[in-house]
Amino acid sequence: MSNQPLFTPTQVGPFKLEHRVVMAPLTRMRSSEGNVPNELMAEYYAQRATQGGLIIAEATPVSPYGFGYAGSPGIFTQAQVDGWRTVVNAVHEKGGLIFLQLWHVGRQSHPLLQPGNIDPVAPSAIKADGDAYAETGPVAFAMPRALALAEIPDIIESFRRGAELAKDAGFDGVEVHGANGYLPDQFLQDGTNRRNDAYGGPIEHRARFLLEITQAVISVWGQGRVGVRLSPSSSYGSMHDSNPKATFGYVATQLDTMGLAYLHVVEPRIKGNETIDEGAKPVAVQYLRTLFNGPIIAAGGFQRESAVALVSEGSADMVAFGRAFIANPDLARRLHDDLPLNTYDRDTFYGGDAAGYTDYPFVGEPVATT
Ligand SMILES: Cc1cc2nc3c(=O)[nH]c(=O)nc-3n(C[C@H](O)[C@H](O)[C@H](O)COP(=O)(O)O)c2cc1C
């Protein structure tokens, strides 16, 4: 199949993209002391920048209480803003665009990652299975403390402030991380939200947190420079919802009224065509496409051929690649020319140094054999 559909221009807010191969947000845990982005990160992102290509920078906590992975960069101090400016400038020098993903992990954390070693927060006191990454290594997620109603405005404000600081750093836009079982997703899905106040219960209430964050961020950036990421059927982080079609259908319908840069949808990791008409069946981009009229980025397990097919059928405008971008700094060129891809090394995904980060070869460079 021709790769052409991936290499036609498209529009994201005020930006003309030259191609539709997007770099997915990827937590790599290589920031410096104080969660400050550094030169190594600037080199990594610059390697992956292309003229008119979109990078969504890694999930970045907007608050010291939003961490679940030691070594993630933050966006709440001046030093972090200055560090990010170096990254952004390096990407802009290559003609690329870069959005920052704004993050709060909620319950996917542990007191070791919290200021004062307090408990992490969540909509309700329900624990997730899995591990956070402390300085000392993996630690099982802790039982979270349910947020009081009066605390919620401060968290929304931290997203607004993070958006403002991202603007100071020179980013082209921001993405609200509403996916993968982190705090906004914990509010959205009824498996993790047992509240009975204005932020829990019916979907109109459960969606309020994400929608208010999105509005707060838009108040900083204006329409067209704010994306939202959702993962409607992912069970990562012990997530589940009794009716994902209704939940995510409602969210997409509401987001459709906000003039977003894009909706970013993590596809369920299943093969073939799924039915979305029955209760708890996976919700995929084809369904959300019927409710959301702006640009859509699809992500999750795509290869060149499946990406081309999805864009060709019109279900998505762009496709984000994660692991393939880790291992292939020049992924867009490789997809364009249908060249073989480097394979990724899972052991160096999280934390460490340049190894497995900035040393993957470009086309034509020898592949290191160690
Ligand atoms: C090492 C690693 C780190 C990730 N970090 C993030 C992140 O910070 N934010 C996010 O939304 N998704 C994150 N993801 C998910 C990816 O963005 C993407 O959705 C996922 O890897 C599936 O796409 P792929 O099959 O092309 O890799 C991460 C995935 C990996 C492998």
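Residues numbered from 1 in each chain as written. Predicted model: local features only at pLDDT ≥ 70, side-chain atom pairs only at ≥ 80, totals over all residues. Heavy atoms only, no water.

Chemist: Would you mind going over the pairing of strand 11 (residues 226-230) with me for this structure?
Modeler: Put simply, side chains in a regular strand alternate between the two faces of the sheet. When you tally the buried positions in strand 11, you get five out of five residues, the bulk of the element. Every second residue of strand 11 is oriented toward a common face, with V226, V228 and L230 on one face and G227 and R229 on the other, all of them buried. In terms of strand pairing, strand 10 (residues 173-177) meets strand 11 through four bridges, oriented parallel. Bridge pairing in strand 11 places V176 opposite V228. Here strand 11 pairs with strand 12 (residues 262-266) via four bridges, running parallel. Counterpart to G227 in the pairing with strand 12 is Y262. (Buried < 20%, exposed > 50% of the residue type's maximum accessible area, 1.4 Å probe, protein only. Helix = DSSP H or I, 4+ residues; strand = E, 2+ residues; numbered from the N terminus. Pairing = 2+ DSSP bridges.)

Chemist: In this structure, what is going on with the environment of G300? I would like to understand it.
Modeler: Here G300 lies in the loop between strand 13 (296-299) and helix 9 (304-313). Residue class for G300 comes out partly exposed when judged on its relative accessible area of 23%. C-alpha of G300 to C-alpha of R323: the two residues are 23 residues apart in sequence and 9.5 Å apart in space.

Chemist: Explanation requested: the packing of aromatic side chains in the structure shown.
Modeler: Centre distance and the angle of the planes are the two values used to describe a pair of aromatic rings. What the rule picks out here adds up to 16 aromatic pairs. Ring geometry for Y45 versus W84: centroids 6.5 Å apart, planes at 50°, classification tilted. In this pair, Y45 sits in helix 1 (residues 39-48) while W84 sits in helix 2 (residues 78-93), placing the two residues 39 residues apart along the sequence. For the pair formed by Y45 and W84, the shared burial category is buried. Seen in terms of ring centroids, Y69 and Y133 are 5.4 Å apart; in terms of plane orientation they differ by 15°. Their pairing is stacked. Residue Y69 is found in the loop between strand 4 (54-61) and helix 2, and its partner Y133 is found in strand 7 (residues 131-134); the two are separated by 64 residues along the sequence. Looking at Y69, the relative accessible area reads 3%, which means it is buried. Looking at K167, its charged tip hangs above the ring of W221, at a distance of 5.7 Å from the centre. Its end group placed over the ring of Y199, R208 keeps NZ or CZ at 5.9 Å from the ring centre. (Phe/Tyr/Trp six-rings, centres within 6.5 Å; stacked < 30°, edge-to-face > 60°. Lys NZ or Arg CZ within 6 Å of the ring centre and 35° of its normal.)

Chemist: Sorry if this is basic, but what is going on with the pattern of salt bridges here?
Modeler: Opposite charge on two side chains permits pairing when their charged atoms draw close. Per the counting criterion, the structure on display carries 11 salt bridges. For R334, the salt bridge identified is with D330, shortest N-O distance 2.7 Å. Take R334: its relative accessible area is 6%, and that puts it in the buried class. Because the salt bridges share partners, they merge into one network encompassing E157, R160, R161 and E164. (Salt bridge = Lys/Arg side-chain N within 4 Å of Asp/Glu carboxyl O.)

Chemist: Please explain the site of the ligand as it appears in this structure.
Modeler: Close to the ligand lie 17 residues; T27, Q101, R229, G301 and R323 are nearest. In this structure, A59 approaches the ligand through a main-chain N or O atom, which is 3.2 Å from an oxygen atom. Here a nitrogen atom of the ligand sits 2.8 Å away from a polar atom, N or O, in the side chain of Q101. Within the complex, 90% of the 600 Å² of free accessible area of the ligand lies under protein. Here the residues of the shell around the ligand sort into seven nonpolar, seven polar and three charged. (Near = heavy atom within 4 Å. Polar contact = N/O pair within 3.5 Å; in protein donor to acceptor, adjacent residues only side chain to side chain. Areas by Shrake-Rupley, 256 points an atom, 1.4 Å probe, with all protein chains shown as cover. Nonpolar A, V, L, I, M, F, W, Y, C, P; charged D, E, K, R; others polar.)

Chemist: Just to check I follow, could you spell out the nonpolar core for this structure?
Modeler: Grouped together as the largest cluster of nonpolar side chains are 88 residues, with contacts concentrated most on Y45, W84, F171, V217, L255 and F321. Apart from residues lying up to four places away in sequence, F171 is in contact with A57, W84, V88, I98, F99, L100, A166 and W221. Ranked by size, the runner-up nonpolar core spans 15 residues in total, among them L97, Y262, I297 and A320. (Core = buried A, V, L, I, M, F, W, Y, C linked by side-chain atoms within 4.5 Å. Contact = heavy atoms within 4.5 Å.)

Chemist: I tried to follow the packing of helix 1 against helix 2 on my own but got confused; where do I start?
Modeler: Two quantities define a packed helix pair, namely the angle between the helix axes and the distance between the axes. Helix 2 packs onto helix 1 with a crossing angle of 25° between their chain directions and a minimal axis gap of 8 Å. Taken as axis vectors, helix 1 and helix 2 run roughly parallel relative to one another. Judged by the twist between their axes, the crossing of helix 1 over helix 2 is right-handed. Contacts between helix 1 and helix 2 involve E39, M41, A42, Y45 and A46 from the former and W84, T86, V87, A90 and V91 from the latter. Residues of the contact of helix 1 with helix 2, tallied by class, amount to eight nonpolar, one polar and one charged. (Axes fitted to C-alpha atoms, helices over the stretch in contact; angles between N-to-C directions. Parallel < 35°, antiparallel > 145°, perpendicular 65-115°, else oblique. Left-handed = near helix turned anticlockwise from the far one by under 90°.)

Chemist: Would you mind going over unusual backbone geometry with me for this structure?
Modeler: For residues besides glycine, phi is generally negative; the peptide bonds are generally trans as well. Residues other than glycine seldom take positive phi values, yet M29 does so here, at roughly 55°. Its place among the elements puts M29 in the loop between strand 3 (21-23) and helix 1. Its relative accessible area of 12% is what places M29 among the buried residues. Phi is positive for N35, which is not a glycine, with a value near 55°. Inspection of the secondary structure puts N35 in the loop between strand 3 and helix 1. Judged by its relative accessible area of 21%, N35 falls in the partly exposed class.

By themselves, these are just geometric observations and shouldn't be taken as functional.
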